[in-house]
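# Coordinate inspection notes
The chain contents come next:
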Amino acid sequence: MPWWRTILTVMNLAGMRFGGAIIGLLTQILLTHLLSETDVGTVLLAMSAASLISLCGTLGYPVLALTSTARYAALGRKRLLAAFKTIMVRDTAVVGLLATGVALAVACFAPVSEAMATAIVVGCLAAPFAAMLRMNSALANSERRFALSYAPDFLFRPGLFALYLIAHWAFSGSLSRVDVLAVFVVV
C-alpha cells in the first residue's frame, strides 16, 4: 500500500472515531436536557453496564481474531477459519447468557434501587449485541476492511441513537427513561 493511501486510511478512521465521539457527546448533552437526573444516571449506567459486560463477554476473541483469522486466511485454511468463527460466537453467546443470568439475579435479589436494577437489566440485554458488534469489527479489521470495522460502532450506532432521541423528542415533545432504554437495547 502506498504511503499516501495509508495516510488517507488513517485520517478516515480517525475521522470516524472523532465523529463518533462528537455524536456521543451530543447525545449525552441531549439526554441531560430531556431527562431527569435519575433517568440520565440510569441510562448512562445501563450504557456502561452493557459496555463492561460485552467486553468481558467477548473473552478476548476480538484481539485474537486480529491475528488468527488473518493467518488462517493467508494459509488457505478455510475450515479452520470457519471453526474459529463458530467457536468465537458460541463462547461469547454462552458467556453472555451466564453474565446476563448473574446480573439479572443481582438486579432481582440484591438490595439495589429500582433505577439501578433497571440499568443492570437493560445493560445485560444490550451486552450480547455489543459483544457481537465488537467481534464483527475485529473480523472486518483482520480482513483489512477498516471502514466496515469502525463505521458501525463509531458512527452508525451512536448516530441512530441520537436520531431516535431527536425524532422522538421533536414529535412527542417529551422523552422518558423507558423510551431511551428500549431503543438503546436495539441500537
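In what follows, the structure referred to is the one given above.
Just so you know, these numbers come straight off a predicted model, no measurement behind them.

Procedures and definitions
Residues numbered from 1 in each chain as written. Predicted model: local features only at pLDDT ≥ 70, side-chain atom pairs only at ≥ 80, totals over all residues. Heavy atoms only, no water. Helix = DSSP H or I, 4+ residues; strand = E, 2+ residues; numbered from the N terminus. Buried < 20%, exposed > 50% of the residue type's maximum accessible area, 1.4 Å probe, protein only. Contact = heavy atoms within 4.5 Å. Areas by Shrake-Rupley, 256 points an atom, 1.4 Å probe, with all protein chains shown as cover. Lys, Arg positive; Asp, Glu negative; His and termini not counted. Charge placed at Lys NZ, Arg CZ, Asp CG, Glu CD. Salt bridge = Lys/Arg side-chain N within 4 Å of Asp/Glu carboxyl O. Axes fitted to C-alpha atoms, helices over the stretch in contact; angles between N-to-C directions. Parallel < 35°, antiparallel > 145°, perpendicular 65-115°, else oblique. Nonpolar A, V, L, I, M, F, W, Y, C, P; charged D, E, K, R; others polar. Patch = residues over 30% accessible without salt bridge, like charges linked within 9 Å, V, L, I, M, F, W, Y side chains within 5 Å. Expected span 1.5 Å × (residues − 1). Bend = angle between axes of the 7 residues up to and from the residue.

Moving on to the overall build of the protein chain. Assigned secondary structure in the protein chain consists of seven helices and zero strands. Secondary structure elements of the protein chain, listed N to C terminal, follow the sequence α-α-α-α-α-α-α. Principal axes of the C-alpha set define a box for the protein chain whose edges measure 55 × 40 × 20 Å. Evaluated residue by residue, the protein chain yields a buried proportion of 36% over its 187 residues. For the protein chain, the share of sequence-separated contacts (at least 6 apart) that also reach a separation of at least 24 residues comes to 73%. In the form shown here, the protein chain has an accessible surface area of approximately 11,000 Å², with 71% of it arising from carbon and sulfur atoms. Measuring between centres, the 13 positive side-chain charges of the protein chain sit 23 Å from its 7 negative side-chain charges.

Enumeration according to the criterion identifies two salt bridges in this entry. With a closest N to O distance of 3.9 Å, K85 and E143 form a salt bridge. In this pair, K85 sits in helix α4 (residues 78–109) while E143 sits in the loop between α5 (114–142) and α6 (146–172), placing the two residues 58 residues apart along the sequence. Between R90 and D91 there is a salt bridge, and its shortest N-O distance comes to 3.1 Å. Classification of R90 as partly exposed rests on a relative accessible area of 48%.

Below, the discussion takes up the packing of α5 against α6. At a minimum axis distance of 6 Å, the contact between α5 and α6 shows a crossing angle of 150°. Between α5 and α6, the angle falls in the class roughly antiparallel. Contacts from L133, S137, A140 and N141 in α5 reach F146, L148, S149, Y150, P152, D153 and R157 in α6. Grouping the constituent residues of the contact of α5 with α6 by class yields six nonpolar, three polar and two charged.

On the surface, W3, W4, I7, L8 and M11 cluster together into a nonpolar patch covering about 620 Å² of accessible area. Taking relative accessible area as the criterion, M11 reaches 55% and is therefore assigned exposed.

All right, on to α5 then. With 29 residues, α5 ought to run about 42 Å at 1.5 Å a step, and its terminal C-alpha atoms sit 42 Å apart, in line with that. When the local axis directions of α5 are compared, the greatest deviation, roughly 35°, occurs at A127, which is followed within four positions by the proline P128. In the stretch just after α5, R144 is the one whose phi turns positive, near 60°.

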